[in-house]
Amino acid sequence: MVTKVLVVEDDFALRSALIASLEVSGYKILSSENAESAIAQLAKSPMPDMVITDIQMGEMSGIELLKFIRKNNQQLPVILMTAYGDVSDAVEAMKLGACDYLQKPFDPDTLTDLIEQYLPDLGEKEIIIVDPASIKIYEYAQKIAQTLSNVLLSGPSGAGKEVLAKFIHQNSHRKEQKFVAINCAAIPENMLESTLFGYEKGAFTGAHQASPGKFEQAQGGTLLLDEISEMPLALQAKILRVIQEKEVERLGGKKEIKLDVRIIATTNRDLKSEVEQKRFREDLYYRLNVFPIHCLSLQQRPNDILPLASSLLAKYESANGRKPLAFSSEAKAKLISYSWPGNVRELDNLIQRVSVLANSEIIEAEELVFENSGALENNASISSVLSQNIDEAEEVGVTDKQLGNDMRNHEYQLIIDSLAKCNGKKKAVAERLGISARTLRYKLAKMREAGYCIPDKRSLA
């Protein structure tokens, strides 16, 4: 089933960029330019699976929209987007029942990760492990899941640390309780402490009523401290005390709250080296490192590549309304032989692209264009066109400003031509031009600002 996300943002360029980014990730997007039209969208059937809304908008704010949603639906996940000056509003939103918030500007991958984190029943996803090395890790994880001890998961980005953390929770005695996750790298430093520990009314400007932190929210369950190596040293000391004493004190509070929480922490760094470099507290390291598990890169578990690729292919072929797809023998060999520097995330991106662009029901090896090689080849062809423009301009003596305008116009025309050839499919356009989806979104927004008419799927149909 395709996840439906309602995006509420009054800035046209940002809304367009968000829509394009989320569509590339396989979501079905509904959009509204203000809170009033969002309420009209919510009255329709079927309801979206999640709402992502800006806070500062026109007459009705994102906070008021959140209040309306919570009055009518207590379960619908809502994520807030906020500018730096709106952080106090974000605090208000969290106490009203928002799942989380993102401070602008943010990376599209951060938003996608947050969506995946708060989608319903996320912990029930099937885990695909075939490689003996992966099986060994999960068998070990299943054993330690029965203990009460803390766990430290290390490994490169995209290696599946959060998936393993959820597996440990689901196989523990705490599985009926909450699994609460917080990305220590995604929350501004000045907000991280109150988010973790909670606060009492009046603790700081904007704290109009008491709010529990992530430790309290995970009471009886599991708390995932994702990318804990990004946590400031001063806050590490406070985390250490909470773990040692098994109690937490809210900001502005005087009462200690007893805790029964299992801690799972993740890092993509060598935490022992971070300790030696005095960037991570040694005492906290040993408190967390009771059961260390190193999550393997995709290259280190090659037997998982094809099962993962096939599972992702089934997911995206369904989302794109295609008949069942399969890899040829040559394509399978190419998938296995690739180094996968981006791990499962890179594999996911590749399968998303190929599920849209495949010419037939059998995917051939030449249709598998990896991010590094494909971008270099295609960028080289575009660069050659631009270089030719520069050479021609120098011959006739045009000014730098004229040259910049001519190059920009030519670049915009390349994008428009590609949109026409790809039937408005932005994923295919980015692939054809050898640029990232994020770069394409930025250029399309600039084109709209300049008054260009951007062809879409409906106008090209």
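Residues numbered from 1 in each chain as written. Predicted model: local features only at pLDDT ≥ 70, side-chain atom pairs only at ≥ 80, totals over all residues. Heavy atoms only, no water.

(A) A look at the overall build of the protein. Scanning the protein for helices and strands turns up 20 helices and 16 strands. Within the protein, buried positions represent 48% of all 461 residues. Relative to all contacts within the protein whose residues are 6 or more apart in sequence, the contacts with residues 24 or more apart total 71%. Of the accessible surface of the protein, which amounts to about 22,700 Å², a share of 50% is contributed by carbon and sulfur atoms. (Helix = DSSP H or I, 4+ residues; strand = E, 2+ residues; numbered from the N terminus. Buried < 20%, exposed > 50% of the residue type's maximum accessible area, 1.4 Å probe, protein only. Contact = heavy atoms within 4.5 Å. Areas by Shrake-Rupley, 256 points an atom, 1.4 Å probe, with all protein chains shown as cover.)

(B) Expanded view of the pattern of salt bridges. Scanning the model with the defined rule gives 15 salt bridges in all. K166 is paired through a salt bridge with E162; the nearest N and O atoms lie 3.3 Å apart. Of this pair, K166 and E162 both sit in helix 7 (residues 161-170), separated by four residues, roughly a single helical turn. Exposure remark for E162: the relative accessible area of 23% places this residue in the partly exposed category. A salt bridge links R250 to E216, with the nearest nitrogen and oxygen atoms 2.8 Å apart. Taken as a pair, R250 in the loop between strand 11 (247-248) and strand 12 (257-258) and E216 in helix 9 (residues 214-217) lie far apart in primary sequence, 34 residues in all. We note that R250, like E216, is buried. One network of salt bridges, with partners in common, ties together E230, R269, E274 and R279. (Salt bridge = Lys/Arg side-chain N within 4 Å of Asp/Glu carboxyl O.)

(C) Broad picture of the side chain of E346. With respect to the element layout, E346 can be found in helix 15 (residues 343-357). Within the buried core, E346 has no salt-bridge partner, and the shortest N-O distance to an opposite charge, that of R353, equals 6.4 Å. In terms of polar contacts, E346 uses its side chain to reach the backbone amide nitrogen of G342, at 2.7 Å. In contact with E346, not counting residues within four places along its chain, are Y338, W340, P341 and E371. (Lys, Arg positive; Asp, Glu negative; His and termini not counted. Polar contact = N/O pair within 3.5 Å; in protein donor to acceptor, adjacent residues only side chain to side chain.)

(D) Fine view of the packing of helix 15 against helix 18 (residues 426-433). Packing of helix 15 against helix 18 leaves a shortest axis separation of 10 Å and a crossing angle of 105 degrees. Here helix 18 runs roughly perpendicular to helix 15, going by the angle between their axes. Along its contact with helix 15, which presents Q352, R353, V356 and L357, the element helix 18 presents K427, A428 and E431. Of the residues in the contact of helix 15 with helix 18, the class split is three nonpolar, one polar and three charged. (Axes fitted to C-alpha atoms, helices over the stretch in contact; angles between N-to-C directions. Parallel < 35°, antiparallel > 145°, perpendicular 65-115°, else oblique. Nonpolar A, V, L, I, M, F, W, Y, C, P; charged D, E, K, R; others polar.)

(E) Representation of the nonpolar core. Residues L196, F215, L223, L225 and I239 are the most contacted members of the largest nonpolar core, which totals 53 residues. Dropping the residues within four chain positions of it, F215 is found in contact with L196, F197, L223, I239, V242, L259, V261 and I263. Membership of the second largest hydrophobic core comes to 22 residues, among which are Y316, A331, I363 and L368. (Core = buried A, V, L, I, M, F, W, Y, C linked by side-chain atoms within 4.5 Å.)

(F) Structural detail: the pairing of strand 2 (residues 28-32). Bridge analysis of strand 1 (residues 4-8) against strand 2 gives five bridges, and the strand direction is parallel. Counted as the bridge partner of V8 is S32 from strand 2. At this point the chain moves from strand 1, through helix 1 (residues 12-24), to the parallel strand 2, and the crossover so formed is right-handed. (Pairing = 2+ DSSP bridges. Right-handed = clockwise from strand over helix to strand, strands pointing away.)

(G) Local environment of the environment of C453. As for its position among the elements, C453 is in the loop between helix 19 (437-449) and helix 20 (457-460). Residue classification places C453 among the exposed residues on the basis of a relative accessible area of 68%. When the C-alpha positions of C453 and I416 are compared, they lie 8.9 Å apart, and in sequence the two are 37 residues distant.

(H) Representation of the packing of aromatic side chains in the model. Tallied over the entire structure, the rule returns seven aromatic pairs. Ring centres of W340 and F370 lie 5.4 Å apart, and the angle between their planes is 85 degrees; this geometry places the pair in the edge-to-face category. Placement of W340 in the loop between helix 14 (329-337) and helix 15 and of F370 in the loop between strand 16 (362-363) and helix 16 (371-396) is noted, with a sequence separation of 30 residues between them. The buried category is assigned to W340, whose relative accessible area is 1%. Ring pairs connect the aromatic residues Y338, W340 and F370, which therefore count as one cluster. (Phe/Tyr/Trp six-rings, centres within 6.5 Å; stacked < 30°, edge-to-face > 60°.)

(I) Local environment of the confidence of the model for the protein. The predicted model of the protein averages 82 in pLDDT, with 85% of residues at 70 or higher. Segment residues 374-404 is flagged for pLDDT under 50; beyond a separation of four residues in sequence, or across chains, it makes 20 contacts in the model. (pLDDT = per-residue confidence, 0-100.)

(J) View of the sheet that holds strand 13 (residues 262-267). Spatial strand order, 7-10-13-6-14: five strands in an open sheet with parallel pairing. The sheet is open, and its two edges are formed by strand 7 (179-183) and strand 14 (291-294), each paired on a single side. Across the sheet, the mean angle from the axis of one strand to that of its neighbour is 15 degrees, orientation sign disregarded. Sheet topology note: the strand 6 (residues 151-154)/strand 13 ladder contains four bridges and is parallel. Following the sheet pairing, V151 is matched in strand 13 by I264. Along the sheet, helix 6 (residues 132-145) contacts strand 6, strand 13 and strand 14; its crossing angle with strand 14, the most-contacted strand, is approximately 160 degrees.

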